[in-house]
Amino acid sequence: MASLKELKGRIGSVKSTQKITKAKQMVAAAKLRRAQAAAEAARPYATQLEKIMGNLASKVTISESSPRLLAGTGKDDVHLLVVCTSDRGLCGGFNANIVKEARLKAQSLEAAGKTVKFYMVGRKGRPVINRFYAGQTVKNYDTSDVKNVGFPEAQEIAADLIAMMEDDKFDVAHLFYSKFKSALVQEPTCQQIIPVAIEMAEGEQPSDNIASVEYEPDEEEILAELLPRNVNTQVFGALLENAASEQGASMTAMDNATRNAGDLINNLTIQYNRSRQAAITTELVEIISGAEAL
Amino acid sequence: MANLHFELVTPEKLVRSDDVYMVVVPGTEGDFGVLAGHAPVMSTIRDGELSIFASDGAAPETITIQGGFAEVNEKGLTILAEAVS
């Protein structure tokens, strides 16, 4: 059995670990509220943009001359996976889940004979992807020196993607991030961003009510301007969802860690008291038997 | 006459959602004013000032916006701006 001093030391160290995890949990809870508000505030823009996109895309027929962001390159060989992770750990399975989702997709694509490339956003996903798909990372976008990832970063990433698209570096791009459901639940999500996947809202017949809409300058030009903006918005949305999810995951993980540390301390304290009592009993037995011998 | 429902949205947040009398939008092909019951229009916007008239003849409130879209439909006017200052 461990000596008294050793036990005391161990209790002390677990206690200070608990303090750290508790502090991290509270920080995450505070940050979560802000990140969640930001994610929610961004939704009206995204929904409006989507609505307009849907309306427009249904009016424009896809042809050779239509923008590549809408029509694609006409091929389906090279897939780019944009994987958004966080820059910091201590958030449970958050990063691992996103990377796992991306790897599953990559495996199924490679099994189908496609070429897979990676575009990494954030620091934590890099080592895993590098290990399994060495040399297939096109770019690492660094967000570690930005405190709150915002629209300017999303714009930069989107501009990068569009430039690569123009250079024929890839045909299809997928975006991986973690969707924020609640502080307890985050869902790793895969979303196709290039070419644009347009989903019509069910039961809506846009062709009737927008037949009379006037376009300034005209449909094609508006669409050409709208498409890059749509990529921006999707990347921005993903970054915000990710930020909220990270804090949520971090909060849950740290809550668990704090509770575990508490259990550990209780067990160690019991063990400590038992060995203390045992030591006292032995000492007493020695004194009494010494006295009796006299 | 019923008021015009007007929404100004940026990627970060919903900036304004109000019922107003008239809004003058800096479109790429020229400014245009939108009153309630305006015909459906969709237009790109140049960087410029958005003038909001809360009521007929009132002094306009101006908001500087950068890039984006204006959409007028039966529900009102929606402006998607890249940035607002």
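Chemist: Is there a simple way to think about the overall build of chain A in this case?
Modeler: Helix and strand counts for chain A stand at eight helices and six strands. Reading chain A from its N terminus to its C terminus gives the helix and strand order α-α-α-β-α-β-α-β-α-β-β-α-β-α. Against the globule reference of 19 Å for 294 residues, chain A gives a C-alpha radius of gyration of 28 Å, more extended than a compact globule. In terms of its C-alpha atoms, chain A occupies a principal-axis envelope of roughly 115 × 40 × 35 Å. In chain A, which comprises 294 residues, the share counted as buried stands at 33%. A separation of at least 24 residues holds for 78% of the contacts in chain A among residues at least 6 apart in sequence.

Chemist: What am I meant to see in the nonpolar core here?
Modeler: Generally speaking, soluble globular proteins have nonpolar side chains that are buried together. Core analysis: the largest hydrophobic core is formed by 82 residues, its most contacted members being V82 and V83 of chain A. If sequence neighbours within four positions are ignored, V82 of chain A has contacts with Y119, V121, A173, H174, L175 and F176 of chain A.

Chemist: Please explain the interface of chain B and chain A as it appears in this structure.
Modeler: Note: interface size is frequently given as the accessible area lost on complex formation between the parts. Taken together, the 19 residues of chain B in the interface contact 20 residues of chain A. Broken down by secondary-structure element, the contributors of at least two residues to the side of chain B that touches chain A are strand 5 (41-45), strand 7 (61-73) and strand 8 (76-84) of chain B. A total of four residues in the side of chain B that touches chain A trace back to one element, the largest contributor, which is strand 5 of chain B. Residues belonging to the side of chain B that touches chain A are distributed by class as follows: nine nonpolar, six polar and four charged. In this structure, strand 6 (residues 214-216) of chain A lies alongside strand 5 of chain B, joined through three bridges in parallel fashion. Across the sheet, E216 of chain A pairs through a bridge with S43 of chain B, a residue of strand 5 of chain B.

Procedures and definitions
- Per-chain numbering applies: the sequence of each chain, read as written, is numbered from 1 onward.
- Whichever chain is written first becomes A and whichever ligand is written first becomes 1, with later ones labelled in order.
- Owing to the predicted nature of the model, reporting of local features is limited to residues with pLDDT of at least 70; listing and counting of side-chain atom pairs is limited to 80 or more, with chain, interface and lining totals taken over all residues.
- Strands are runs of DSSP state E lasting at least 2 residues, helices are runs of H or I lasting at least 4, and numbering of each runs from the N terminus.
- All radius of gyration figures rest on C-alpha atoms, and the globule criterion is 2.2 Å times the number of residues raised to 0.38.
- Whether a residue is buried, exposed or partly exposed is read from the other C-beta atoms within 10 Å of its own C-beta, which are placed from the backbone; 20 or more gives buried, 12 or fewer gives exposed, and intermediate counts give partly exposed.
- Remark: residues whose backbone-derived C-beta atoms lie within 7 Å of one another are considered to be in contact.
- One nonpolar core equals one set of buried Ala, Val, Leu, Ile, Met, Phe, Trp, Tyr and Cys residues connected by C-beta atoms within 7 Å.
- Think of it as three bins: nonpolar holds Ala, Val, Leu, Ile, Met, Phe, Trp, Tyr, Cys and Pro, charged holds Asp, Glu, Lys and Arg, and polar takes everything else, Gly as well.
- Note: two strands are recorded as paired if DSSP finds a minimum of 2 bridges between them.

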